Structures are given as C-alpha cells and as structure tokens.
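For reference, the chains in residue letters:
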Amino acid sequence: ERFKSGQPKHIYFVFYEGLTANYFSRYSSGDELNKWLQIVETALSSFRAWVKHSTWNWENKLLLLEAESHFSRGEMEEAEEKYNKAIESAHRHRFIHEEG
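Thresholds, definitions, all that
Along each chain, residue indices are assigned from 1 in the same order as the chain's sequence is written. For a predicted model such as this one, the threshold for reporting local features is a pLDDT of at least 70, and the threshold for listing and counting side-chain atom pairs is 80 or more; totals across whole chains, interfaces and linings nevertheless cover every residue. The side-chain values count all of the structure's non-hydrogen atoms but skip hydrogen atoms and water molecules. Counting from the N terminus, the helices are DSSP H or I runs at least four residues long and the strands are E runs at least two residues long. A simple rule labels every residue: compare its accessible area, found with a 1.4 Å probe on the protein chains alone, to the largest value its type can have, and call it buried under 20%, exposed over 50%, or partly exposed in between. The criterion used for residue contact is that any of the two residues' heavy atoms lie within 4.5 Å. Salt bridges are defined by distance alone: a side-chain nitrogen of Lys or Arg within 4 Å of a carboxyl oxygen of Asp or Glu.

1. A closer look at the environment of Leu63
Link 1 in the chain: Topologically, Leu63 is positioned in helix H3 (residues 55-72).
Link 2 in the chain: Classification of Leu63 as buried rests on a relative accessible area of 11%.
Link 3 in the chain: Between the C-alpha atoms of Leu63 and Tyr83, which are 20 residues apart in sequence, the distance is 6.9 Å.
Link 4 in the chain: Leu63 has contacts with Lys82, Lys85, Ala86 and Ser89, leaving out every residue within four places of it along the chain.

Now the structure itself:
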C-alpha cells in the first residue's frame, strides 16, 4: 500500500488523481471513460467523507473536484458556481495559494 487511508499524502493523492481523471474523462469514451468516471466518483465520495472531519482543510478541494466534474459533463453553470464556491472556501479558510 502506497499510503495509509486518511493520511495527508493519501488525501492529496486522491485529490490529484480525481482532477486528472476529470481531465482524461473529457477525451475518452466507452470502457476508458467508465474507468475515469469511477476514479472521479471515488475521489468525490472520499472527499465528502473527509469534509465531515475537517471542513477547514478539505472543503475547497471537494468543491473544485465537483466543479471539474460538472465542467467535464458540460454543465457550465453548475461548474461556474462550484468554482466560485471553491475560491470562496479557499479564501475563508486562508488557503490563499489555492484561491486561483
């Protein structure tokens, strides 16, 4: 096992894996698309659980994953709303380097 579940390294791995899967899902179809979408759903599910334990640390990342998921599905209004909420959350929780 590369990382123990719930440790910061594992959480960041899941975050970046989710972002990457969202990107590749935009250019995939069939079984390949399903593979990427499963990774996205796993990342979203994990972050929804982690946010319950620490909104401060993980909320903006969950919102960004949700925004990317909406964007990948062509849901631009929903994506814009989640992007804005991710920025607001990063600002509110003083993750200035993650506001952009």
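2. Some remarks on the environment of Glu78
Link 1 in the chain: With respect to the helices, strands and loops of the structure, Glu78 is situated in helix H4 (residues 76-92).
Link 2 in the chain: Classification of Glu78 by relative accessible area gives partly exposed; the value is 37%.
Link 3 in the chain: A sequence separation of 12 residues divides Glu78 from Glu66, and the C-alpha atoms of the two residues are 9.0 Å apart.

3. A closer look at the pattern of salt bridges
Link 1 in the chain: Using the criterion set out here, one finds eight salt bridges in the structure.
Link 2 in the chain: One salt bridge in this structure joins Arg92 and Glu59, with 2.7 Å as the shortest N-O distance. One end of the pair, Arg92, is in helix H4; the other, Glu59, is in helix H3, and 33 residues separate them in sequence.
Link 3 in the chain: Exposure remark for Glu59: the relative accessible area of 19% places this residue in the buried category.

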